[in-house]
Amino acid sequence: MITDAERKMQFLYTLRSKGVTDARVMQAMEEVDRAPFVTGLFSERAYEDTPLPIACGQTISQPSVVGLMTQALKVSARDKVLEIGTGSGYQAAILAKLARRVYTVDRHRRLVIEAKAIFEAHRLHNITAITSDGSFGVPDQAPFDKIIVTAAAEDPPSPLLAQLKIGGIMVLPVGQSDAVQSLIRVRKSETGLDYDELRSVRFVPLLEGLGKD
Ligand code: SAH
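Our subject in this report is the structure included herewith. For clarity, every value in this text was computed on a predicted model and none was experimentally measured.

## Looking at helix 5 (residues 109-121)
With 13 residues, helix 5 should reach 18 Å at 1.5 Å per residue; the first-to-last C-alpha distance of 19 Å fits that figure. Packing partners of the buried residues in helix 5 comprise helix 4 (90-98), strand 4 (101-106) and strand 5 (127-131). In the stretch just after helix 5, R123 is the one whose phi turns positive, near 55°.

## Digging into the packing of aromatic side chains
Throughout the structure, instances matching the rule amount to three aromatic pairs. On the basis of an interplanar angle of 65° and a centroid distance of 6.1 Å, the ring pair of Y103 and F144 is categorised as edge-to-face. One end of the pair, Y103, is in strand 4; the other, F144, is in strand 6 (residues 144-149), with 41 residues separating them in the sequence. There is no split in this pair, since Y103 and F144 are both buried. If you follow K80 out to its NZ or CZ, it ends over the ring of F144, 5.5 Å from the centre.

## A look at the nonpolar core
Counting 50 residues, the largest nonpolar core has F37, L73, Y90, I94 and F119 as the members making the most contacts within it. Examining the composition of this core, we find that seven residues originate from one element, helix 4, more than from any other. With sequence-adjacent residues up to four places away left out, F119 is seen in contact with F37, G89, A92, A93, T104, L124, I127 and A129. If you look at the next biggest cluster of nonpolar residues, it comprises 16 residues, including I84, Y103, M170 and L172.

## A look at the pattern of salt bridges
This structure, assessed with the given rule, holds nine salt bridges. Across the pair D33 and K8 runs a salt bridge whose closest N-O atoms are separated by 3.9 Å. Of the two residues, D33 sits in the loop between helix 2 (23-31) and strand 1 (52-53) while K8 sits in helix 1 (residues 4-17), which places them 25 residues apart along the sequence. We classify K8 as partly exposed; its relative accessible area is 35%. One salt bridge connects D145 with K165, and the closest N-O pair in it is separated by 3.0 Å. With D145 in strand 6 and K165 in strand 7 (residues 164-174), this pair connects stretches of sequence that are 20 residues apart.

## Focus on empty space enclosed by the protein
Summary: where empty space remains is shown by rolling a probe the size of a single water molecule over the atoms. A full pass over the atoms with the stated rule returns one cavity of 30 Å³ or more. When contributions to the lining of the largest cavity are tallied by element, the ones reaching two or more residues are strand 2 (59-60), helix 3 (63-73), strand 3 (80-84), helix 4 and strand 4. When the residues that make up the lining of the largest cavity are grouped by side-chain class, the tally is 13 nonpolar, 12 polar and four charged.

The rules behind each value
Residues numbered from 1 in each chain as written. Predicted model: local features only at pLDDT ≥ 70, side-chain atom pairs only at ≥ 80, totals over all residues. Heavy atoms only, no water. Helix = DSSP H or I, 4+ residues; strand = E, 2+ residues; numbered from the N terminus. Expected span 1.5 Å × (residues − 1). Contact = heavy atoms within 4.5 Å. Phe/Tyr/Trp six-rings, centres within 6.5 Å; stacked < 30°, edge-to-face > 60°. Buried < 20%, exposed > 50% of the residue type's maximum accessible area, 1.4 Å probe, protein only. Lys NZ or Arg CZ within 6 Å of the ring centre and 35° of its normal. Core = buried A, V, L, I, M, F, W, Y, C linked by side-chain atoms within 4.5 Å. Salt bridge = Lys/Arg side-chain N within 4 Å of Asp/Glu carboxyl O. 1 Å grid on protein atoms, 1.4 Å probe; cavity = no way out; pocket = protein on both sides within 12 Å on 5 of 7 lines; lining within 4 Å. Points joined across faces, edges and corners; volume = space filled by probe spheres on them. Nonpolar A, V, L, I, M, F, W, Y, C, P; charged D, E, K, R; others polar.

What follows is the structure, encoded as structure tokens:
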């Protein structure tokens, strides 16, 4: 019999072996238990390094990809971070351990309500979860030090680029929704935008408008 503690140890070991080496990110991922974010049938697989289905036909991302994206974002304790694609709330919870303030947006009201309940239960008081079409960002809280998008668009949405601070970083998957996408990092400077490609990934698509539930 393998115990929960052993599973968690294995989980952290797998993250490290897949390149999540930043000490602060590892610490945050050790602190945030993935199990509460995975409901029902799949909860016993919470410590596997695999994406899993959640409500509204969406997925909680693969933990090593969450770790690598968080690491690429270089979050500091003073940062105000925007996440597009709350989903289960897992990524937002990890960001909340690293940043001053996290805004997270999903087009499904049900996912936002469920994520809020978990944030509250785990005393993650620096997260604001909002139901809206995240392609437009959150103009009344802009600009953001860091922006992370966890659904794939063909190109970085221009309102998000506009809401990124000079010196800020945005990490997002780009490419056709049903194909392999590239995870890219955009840095904004006085002179413009610099892009670099991190790896290939597969995310659900960034869709327009609000979801039905
Ligand atoms: N970060 C999540 C995984 C997100 S899955 C986690 O840690 O669990 C991608 C999410 O993006 C889905 O929940 C989907 O509803 C949401 N999404 C897709 N298009 C969107 C849009 N235009 N605005 C806001 N959310 C969107």
